[in-house]
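# Secondary and tertiary structure notes
Each chain, letter by letter, is given below.
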Amino acid sequence: MPTFKLKLPPPFEEAVKTMEREIMRFLVRSTGDRDDAMDLFQETWLRAYRAYPTLRSEDGLRPWVFRIASNLCRNRARDRTRRGRVFSSESADSENESIAHRAPAHLNGAGPEGALILKRSIARLPGKQGQALMMRKFAGLEYAEIGTALNCTAESARASVYQALKKLRLEE
């Protein structure tokens with residue numbers, strides 16, 4: 001009878017040190033707000049710490065932590081949307097419309113304004129598409145890792161990135 005060796009994750013402190021920068025970058029790009037990203041960063045590692053002793057993921061530690069972070073981003077966005085419906089104002093709507101009309105012309109623009117408009121364009125993408133694109137292009141995850149993080153197949157992750165890029169190109 002063959003014996004299977006389960007790969008144990010590294011000590012938690014080591015995991016944090018190896019991934020903290022890329023998780024923070026992902027969260028900043030996902031939220032577009034450094035304070036929100038910091039809150040989600042702390043919550044990501046708190047949840048990871050609590051669940052770490054029970055981690056038995058053959059998929060790997062990195063996608064598991066990215067799944068926690070992306071789920072928290074999705075929850076935050078959903079909560080903001082709910083609150084936004086209650087507290088929306090016409091001035092915010094007119095500002096968003098103005099940005100939406102300018103975005104395509106500035107997608108390839110350099111500098112802070114171009115980066116800001118790109119962030120907003122990515123933020124308008126549907127949930128999995130935007131997250132998959134950021135994980136692939138900004139965090140450098142492989143499609144299998146993205147699939148694990150987003151709880152889908154590698155093919156679905158690849159399709160999400162493709163659709164996100166296609167939508168961004170249509171805005172140009």
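Whatever comes next refers back to the structure up there.
This write-up is about the structure you can find in this document. Each chain has its residues counted from 1, running along the sequence as written. Side-chain atom pairs in this predicted model are given and counted only at pLDDT of 80 or more, local residue features only at pLDDT of at least 70, and totals for whole chains, interfaces and linings cover all residues. Processing note: side-chain calculations cover all non-hydrogen atoms of the structure and skip hydrogens and water entirely.

## Describing the packing of aromatic side chains
- We call Phe, Tyr and Trp rings a pair once their centres come within 6.5 Å, taking the six-membered ring for Trp, and we label the pair stacked below 30 degrees between planes, edge-to-face above 60, and tilted otherwise. One pass over the structure, following the stated rule, counts six aromatic pairs.
- Taken together, a centroid distance of 5.0 Å and an interplanar angle of 75 degrees make the contact between Phe-12 and Tyr-52 edge-to-face. Taken together, the residues span a long stretch of sequence, with Phe-12 in helix α1 (residues 12-31) and Tyr-52 in the loop between α2 (34-51) and α3 (61-87) at a distance of 40 residues. When sorted by exposure, Phe-12 lands in the same class as Tyr-52, which is buried.
- When the centroid spacing of 6.3 Å and the interplanar angle of 75 degrees are considered together, the rings of Phe-41 and Trp-45 count as edge-to-face. A residue pair is termed a helical-turn pair when its members lie 3 or 4 positions apart in one helix, as Phe-41 and Trp-45 do in helix α2 at four residues. Here the two residues Phe-41 and Trp-45 agree in accessibility, since each one is buried.
- Pairwise contacts between aromatic rings join Phe-12, Phe-41, Trp-45, Tyr-49, Tyr-52 and Trp-64 into one cluster.
- Whether a charge sits over a ring comes down to the Lys NZ or Arg CZ being within 6 Å of the ring centre and within 35 degrees of the ring normal. A cation sits over an aromatic face here: Arg-136 above Tyr-143, 4.2 Å from the ring centre. Counting from the N terminus, the helices are the DSSP runs of H or I reaching at least four residues and the strands are the DSSP runs of E reaching at least two. Only protein chains enter the accessibility calculation, which uses a 1.4 Å probe; a residue is then buried when its area is under 20% of its type maximum, exposed when over 50%, and partly exposed in between.

## Describing helix α8 (residues 154-171)
- Multiplying 1.5 Å by the helix residue count minus one yields the expected span of that helix. When the terminal C-alpha atoms of α8 are compared, their 26 Å separation across 18 residues agrees well with the 26 Å that a helix rising 1.5 Å per residue should span.
- For α8, every residue scored as buried is listed here: Ala-157, Ser-160, Val-161, Ala-164 and Leu-168. Around the axis of α8, the buried residues are gathered within 95 degrees of arc, so they sit on the same side. In α8, those exposed residues whose orientation departs by more than 90 degrees from the buried face are Glu-155, Arg-169 and Leu-170. Note that the arc is defined by the directions from the helix axis to the C-beta atoms.

## Considerations on the packing of helix α6 (residues 127-137) against helix α7 (residues 143-150)
- Axis geometry follows a simple rule: fit a line to the C-alpha atoms, using only the stretch in contact for helices, then measure angles between N-to-C directions, giving values from 0 to 180 degrees. In the contact formed by α6 and α7, the axes pass within 10 Å of each other and the chain directions differ by 140 degrees. One element, α6, and the other, α7, form an angle in the oblique class. Of the two possible hands of crossing, α6 and α7 adopt the one that is right-handed. Here Lys-128, Gln-131, Ala-132, Met-135 and Arg-136 of α6 come into contact with α7, specifically with Tyr-143, Ile-146, Ala-149 and Leu-150.
- Here the residues of the contact of α6 with α7 are counted per class, giving six nonpolar, one polar and two charged. In these notes the angle categories are as follows: under 35 degrees is roughly parallel, over 145 is roughly antiparallel, 65 to 115 is roughly perpendicular, and the rest is oblique. Crossing chirality is assigned from the near helix's rotation relative to the far helix, an anticlockwise turn below a right angle marking it left-handed and a clockwise turn marking it right-handed. In what follows, residue pairs with any heavy atoms lying within 4.5 Å of each other are defined as contacts. Note on residue categories: nonpolar means Ala, Val, Leu, Ile, Met, Phe, Trp, Tyr, Cys or Pro, charged means Asp, Glu, Lys or Arg, and polar means any other residue, Gly included.

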